[in-house]
Amino acid sequence: MEILDPLQRDIRDELRQLRRSPTPFDVAEVSTCVTLVTYLGMGSAAQAFSTLLAIGQKYGKEVEGDVRAFFETSGHEMAGDTLDSRLANYAQAHSVDPRTGLRRSNRGIDQLGALIRDGLPFERPWGNVIVTQAGSLVEGQIRINVERGTTVSRPRVWVNDLEIESLSFSFREAAYSEKMLFATELIPPTYLDADVRGDAALFALRVVWNMPVWPQWYVGAQLADPRLMSVLSTNRNFETDIRINWAYPADDYRRVDSRFALAPGIESPTFDKKTNVKSDIA
């Protein structure tokens with residue numbers, strides 16, 4: 001007897017719910033599946049539906065396969081207002097008995113349950129974004145990683161609200177895995193805007209990578225000047241942001257000098273760490 005953990009059991013139950021539904025296989029129907037929306041869609045019914053279709057496209061290529069049987073008997077590219085009518089149409093289209101279609105569909109549910117529960121999180125596209133500050137310049141690097149055969153779109157990148165359209169993101173084979181491809185682009189060196197007012201960012205980078213399955217982001221920043229701080233965020237969709245801000249309020253004297261440290265451990269020439277006062281050294 002197969003022992004299922006509660007999450008995998010709930011996933012399979014909701015897949016059966018989708019298959020029984022008299023309504024079309026669409027976002028509205030997926031939105032009623034709490035576990036799929038929460039785990040597969042990260043709270044978004046649209047993302048859960050898009051990810052399900054991406055799984056079907058990848059694992060349902062075999063015409064007589066089990067995963068494809070599940071999607072067809074659920075109403076995806078197969079006519080029928082009930083499960084019985086879809087099984088009949090499936091049997092006619094594949095020249096099999098309806099019970100064969102049902103057995104294939106049941107096995108497809110089991111396979112999808114395992115994929116969604118155990119495998120899919122590791123197959124998401126993922127990206128690394130890192131920026132470094134030294135002196136007045138900020139440089140950055142974006143690396144994206146996808147599994148072979150994945151439908152890929154080129155990320156869009158903005159620096160200080162201006163889109164950089166010259167980034168091609170050409171994929172190459174990854175040394176760490178034969179199944180993976182990667183692409184790397186460098187962000188052109190950009191000067192910190194020391195004249196910003198209030199809490200505005202001295203530097204801002206935004207990456208938007210529209211994929212059928214939401215990517216995972218690994219984001220970091222290395223700042224040489226202790227008066228600066230990085231604000232890193234990954235949103236519940238396709239984008240991630242890095243901002244460099246002053247670490248002190250607008251009226252703090254440490255924001256007066258716009259000469260930024262060149263390396264970690266080297267303070268600004270007008271800031272004395274021991275006395276915590278402004279130096280007169282030019």
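Residues numbered from 1 in each chain as written. Predicted model: local features only at pLDDT ≥ 70, side-chain atom pairs only at ≥ 80, totals over all residues. Heavy atoms only, no water.

**Student:** Looking at this model, I keep getting lost on the sheet that holds strand 9 (residues 228-234). Mind explaining?
**Tutor:** By way of backbone hydrogen bonds, the strands of a sheet pair with one another, either parallel or antiparallel. The 5 strands lie next to each other as 4-3-7-10-9, forming an open sheet whose pairing is antiparallel. Edge strands, defined here as strands with exactly one partner in the open sheet, are strand 4 (162-164) and strand 9. Strand-to-strand, the axes of this sheet are offset by a mean angle of 20°, without reference to chain direction. (Pairing = 2+ DSSP bridges. Helix = DSSP H or I, 4+ residues; strand = E, 2+ residues; numbered from the N terminus. Axes fitted to C-alpha atoms, helices over the stretch in contact; angles between N-to-C directions.)

**Student:** Help me understand the nonpolar core in this model?
**Tutor:** Across soluble globular proteins, nonpolar side chains have a tendency to be buried as a group. In this structure, Ile-142, Val-157, Ile-187, Leu-192, Phe-203 and Leu-205 are the most contacted members of the largest nonpolar core, which totals 28 residues. Among the elements that take part in this core, strand 2 (residues 137-147) stands out by supplying 4 residues, more than any other. Once residues lying within four places of it in the same chain are set aside, the contact partners of Val-157 are Ile-142, Leu-162, Glu-163, Ile-164, Leu-167, Phe-169, Ile-187, Leu-205, Arg-206 and Val-207. (Core = buried A, V, L, I, M, F, W, Y, C linked by side-chain atoms within 4.5 Å. Buried < 20%, exposed > 50% of the residue type's maximum accessible area, 1.4 Å probe, protein only. Contact = heavy atoms within 4.5 Å.)

**Student:** When you look at helix 1 (residues 6-20) in this model, what are you seeing that I'm missing?
**Tutor:** Helical periodicity: at 3.6 residues per turn, an α-helix aligns residues three or four positions apart in one direction. Look at helix 1: 21 Å from first C-alpha to last across 15 residues, which is about the 21 Å you get at 1.5 Å a residue. Within helix 1 the residues assigned to the buried category are Gln-8, Ile-11, Arg-12, Glu-14, Leu-15, Leu-18 and Arg-19. Relative to the axis of helix 1, the buried residues are bounded by an arc of 165° and lie together on one face. (Expected span 1.5 Å × (residues − 1). Arc of directions from axis to C-beta.)

**Student:** I keep staring at helix 6 (residues 83-94) and nothing clicks. Help me out?
**Tutor:** With 12 residues, helix 6 extends 16 Å from end C-alpha to end C-alpha; this agrees with the ideal 16 Å at 1.5 Å per step. Among the residues making up helix 6, those that are buried are Leu-83, Arg-86, Leu-87, Tyr-90, Ala-91 and His-94. Each buried residue of helix 6 sits inside an arc of 140° when the element is viewed along its axis, so together they form one side. Projecting away from the buried face of helix 6 at angles above 90 degrees are the exposed residues Asp-84, Gln-92 and Ala-93. Looking one or two residues past helix 6, Ser-95 carries a phi angle of roughly 55°, positive in sign.

**Student:** Please explain the environment of Ser-230 as it appears in this structure.
**Tutor:** Locating Ser-230 in the fold gives a position in strand 9. Assessed through its relative accessible area of 31%, Ser-230 is described here as partly exposed. Counting along the chain gives 15 residues from Ser-230 to Asn-245, while the straight-line C-alpha distance between them is 6.3 Å. With residues up to four places along the chain from it excluded, the contact list for Ser-230 reads Ala-221, Leu-223 and Arg-243.

**Student:** How should I be thinking about the packing of aromatic side chains in this particular structure?
**Tutor:** The description of two aromatic rings rests on the distance between their centres and on the angle between their planes. What the rule picks out here adds up to 8 aromatic pairs. Sitting over the ring of Phe-182, Arg-143 keeps its end group 4.0 Å from the ring centre. Taking NZ or CZ as reference, Arg-254 lies 3.8 Å from the ring centre of Tyr-248, over its face. (Phe/Tyr/Trp six-rings, centres within 6.5 Å; stacked < 30°, edge-to-face > 60°. Lys NZ or Arg CZ within 6 Å of the ring centre and 35° of its normal.)

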